[in-house]
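Residue strings, one per chain:
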Amino acid sequence: PEPRPLYGLDRLAARPEAKVLVVEGEKCADVGTEHLLDWVTVSWPGGCGAIGKIDWGPLAGREVVTWADCDAKREPLTTTEKRAGLTGAEIDALQASKPFLPEGKQPGTLAMTAIVAGLKPLGCKLWRVRIPAPGEKPDGWDVADAVADGLTGAALASWMQDRLERVGIDQTAPGITPEAPPKR
């Protein structure tokens, strides 16, 4: 049924003053909960296609940080390239030669931009984690991968804090200011 509840809603309700981290997927929310003890980490069910089906109301007025998956999608093949009669290996090589899509066009970033746009009218104070550029990490790199890479506990919190950027007021042309949420 819609609207769907946030994953981690129970944790959110138990800590009404805590800062909130929104991540992609339940696995990432659980990892965030385990390693970022000063935060309430939540996600939403149904993936990026379900963002509009979620009740984001429980985040109203909260300090919210979004952490997008660090996707590494490339420019798509052209119609001519698709029709060239190439083999599977040739298609893979051609696709690998294409440039990465800019961060703003990567699926994870697009999802979090849509979430931020929906949270702004709820009076949230909004930040985002500045993720590595497309291609710097494996496709889909996220908080769970950061932990697998050895960033745990206080080191993960510090890495995240150092990469926080305030989301600008104008969501039609996102602007970033260096102001970060106060450390607690």
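The structure displayed is predicted, hence computed values, not measured ones. (Residues numbered from 1 in each chain as written. Predicted model: local features only at pLDDT ≥ 70, side-chain atom pairs only at ≥ 80, totals over all residues. Heavy atoms only, no water.)

Caption draft 1: Focus on the pattern of salt bridges. One pass over the full model with this rule turns up seven salt bridges. Here E103 and R128 are joined by a salt bridge, their closest N and O atoms 3.0 Å apart. Of the two residues, E103 is situated in the loop between α4 (88-97) and α5 (107-119) and R128 in strand β4 (residues 125-129); the sequence distance between them amounts to 25 residues. On the basis of relative accessibility, which here comes to 23%, the residue E103 falls in the partly exposed class. With relative accessibility at 23%, the residue R128 sits in the partly exposed group. Because the salt bridges share partners, they merge into one network encompassing E103, R128, R130 and E165. (Salt bridge = Lys/Arg side-chain N within 4 Å of Asp/Glu carboxyl O. Helix = DSSP H or I, 4+ residues; strand = E, 2+ residues; numbered from the N terminus. Buried < 20%, exposed > 50% of the residue type's maximum accessible area, 1.4 Å probe, protein only.)

Caption draft 2: Representation of the nonpolar core within the structure. Ranked by internal contacts, the top residues of the largest apolar core, which has 44 residues, are V22, W44, W56, L59, W67 and M160. Here this core takes five residues from α5, the largest share from any one element. Leaving out residues up to four positions away in the same chain, L59 has contacts with L6, L12, V20, V22, V64, L119 and C124. (Core = buried A, V, L, I, M, F, W, Y, C linked by side-chain atoms within 4.5 Å. Contact = heavy atoms within 4.5 Å.)

Caption draft 3: Layout of helix α2 (residues 26-35). Along α2, the residues classified as buried are C28, A29, V31, G32 and H35. Projected down its long axis, α2 carries its buried residues within an arc of 165°, all on one side. Those residues of α2 that are exposed and aimed more than 90 degrees away from the buried face are K27 and E34. On its buried face, α2 is in contact with α1 (9-14), β1 (19-23), β2 (39-42), α6 (143-148) and α7 (153-162). (Arc of directions from axis to C-beta.)

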